[in-house]
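Residue-level listing of the chains:
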Amino acid sequence: MKLRYPLYSLIIAFVFLVFSFCVSVSEIEVPVDYSDKANWAYWEEGKGKDADLFLICPTVDMGKKGNMNMALDDEATKKSFLGALNMERGIYEDHATMYAPYYRQMTFPLYLESEEDAAPYIAIAYEDIEDAFMYYLENENDGRPFILAGFSQGAQLVLMLIENLFDDPELSDSLIAAYCIGWRITEKDLEEYPQLKMAEREDDTGVIVSFNSESVEADGSIIVPDGVRTIGINPLNWKTDSTFADKELNEGACFTDYSGSIVKEIPYLTGAYLDPGRGTLKAVDILPEEYSNSLFPDGVYHLYDYQFFFRNLEENVGKRIASWYSR
């Protein structure tokens, strides 16, 4: 008789753990309902433009609660999510109707872990993005050309979309360009996924526009680790070799706030060239300590990829849309 109560307690504890596990798994496995417009940060924003924009937010959830993925009922983090989108939208909004889903993004600390350890959590983020993109295609697109765009984790997920879906020629033909800024793309990626086509000039279409900004001295980051070579294009001269672009080609660095307002604009901030070894974009006319931040070492200008080259990117979006229509 004395054994019954400890055994009973163990059974109850086991049942509770199983129940808790099932609840947590079910929460992860239940897909987000993208027919509910509350699950979109922006839906049909700026209706009537010549193209559509599917925009994916960068990482804003720092995982301070120990969570691995952002919860869609976390209203405080969703405000930051919306703010991060607003900081980028000015590059695209004059040219395209915007669609931007909320999604269970992977939290920042996982980027400090191995790709193997992070894989289950980026998979959750990707599942949401693919579901949202397919809902947009099936219910809203109606054959219009579109742009894919994202920064950081957003760029990583844009790349995954192309890898998984864009071996379909009809879908690829509708892609004006994919702005995958702030994420690495390697020769191995291109070999494994032939549908990944890198931009080679300022007006080619169906291509990926990518670069990662850093100082001349920087030799590694969590975005482009030491020993990894990424492939990109220089947004000042639209060349893919190491030809130097003078700062006179920089039409305006724009520093935006969470409302999307430009709080400071600096023409001719910096020139840049693509490093022949790392493939990264070396910004040459600024000091690392002037653009330091708490997330990355001095000289890693990841947080400023969009902002340093804002006006050049804005102009380029219009050029690629016009080029798509002129085909």
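The model shown is predicted, which means the values in this text are computed figures rather than measured ones.

How each quantity is defined
- Residues numbered from 1 in each chain as written.
- Predicted model: local features only at pLDDT ≥ 70, side-chain atom pairs only at ≥ 80, totals over all residues.
- Heavy atoms only, no water.
- Pairing = 2+ DSSP bridges.
- Helix = DSSP H or I, 4+ residues; strand = E, 2+ residues; numbered from the N terminus.
- Axes fitted to C-alpha atoms, helices over the stretch in contact; angles between N-to-C directions.
- Phe/Tyr/Trp six-rings, centres within 6.5 Å; stacked < 30°, edge-to-face > 60°.
- Buried < 20%, exposed > 50% of the residue type's maximum accessible area, 1.4 Å probe, protein only.
- Lys NZ or Arg CZ within 6 Å of the ring centre and 35° of its normal.
- 1 Å grid on protein atoms, 1.4 Å probe; cavity = no way out; pocket = protein on both sides within 12 Å on 5 of 7 lines; lining within 4 Å.
- Points joined across faces, edges and corners; volume = space filled by probe spheres on them.
- Expected span 1.5 Å × (residues − 1).
- Right-handed = clockwise from strand over helix to strand, strands pointing away.

Caption draft 1: View of the sheet that holds strand E4 (residues 146–151). Taken in spatial order, the 6 strands of this open sheet run E1-E3-E2-E4-E5-E6, and their pairing is mixed. Two strands close off the open sheet at either side, each with one partner strand: strand E1 (40–45) and strand E6 (207–209). Each neighbouring strand pair of the sheet contributes to a mean axis angle of 20°, computed without reference to strand direction. Summarising the sheet, E1 and strand E3 (residues 96–101) pair through 3 bridges and their orientation is antiparallel.

Caption draft 2: Molecular detail of the packing of aromatic side chains. Tallied over the entire structure, the rule returns 29 aromatic pairs. An angle of 65° between the planes, with centres 4.7 Å apart, marks the rings of Trp40 and Trp43 as edge-to-face. Overall, the relative accessible area of 4% leaves Trp40 in the buried class. Ring geometry for Phe81 against Tyr103: centres 5.7 Å apart, planes inclined by 70°, an arrangement best described as edge-to-face. Taken as a pair, Phe81 in helix H2 (residues 75–89) and Tyr103 in the loop between E3 and helix H3 (115–141) lie far apart in primary sequence, 22 residues in all. Exposure class is identical for Phe81 and Tyr103. Each is buried. One aromatic cluster in this structure is built from Tyr34, Trp40, Trp43, Phe54, Tyr99, Phe133, Tyr135, Tyr136, Phe146 and Phe166. A cation sits over an aromatic face here: Lys78 above Tyr102, 4.5 Å from the ring centre. Looking at Arg320, its charged tip hangs above the ring of Trp238, at a distance of 5.4 Å from the centre.

Caption draft 3: Examining empty space enclosed by the protein more closely. Counted according to the given criterion, the structure contains 1 cavity of 30 Å³ or more. By volume, the largest cavity amounts to about 60 Å³. Taken together, Asn212, Ser213, Glu214, Ser221, Ile223, Val224, Thr280, Val300, His302 and Asp305 form the lining of the largest cavity.

Caption draft 4: Structural view of helix H4 (residues 153–165). Here H4 spans 18 Å end to end across 13 residues, near enough to the 18 Å set by a 1.5 Å rise per residue. Across the 13 residues of H4, 12 count as buried, placing the element largely inside the fold. All of the buried residues along H4 are Gln153, Gly154, Ala155, Gln156, Leu157, Val158, Leu159, Met160, Leu161, Ile162, Glu163 and Leu165.

Caption draft 5: A look at the pairing of strand E5 (residues 175–181). Here E5 lies mainly inside the structure; 7 of its 7 residues are buried. Pairing of E4 with E5, which is carried by 6 bridges, proceeds in the parallel orientation. The residue of E5 that forms the bridge with Phe151 is Ile181. As paired strands, E5 and E6 are joined by 3 bridges and run parallel to one another. Considered in E6, the bridge of Tyr179 is made with Val209. As for the winding sense of the linkage, the β-α-β connection from E5 through helix H6 (residues 187–192) to E6 is right-handed.

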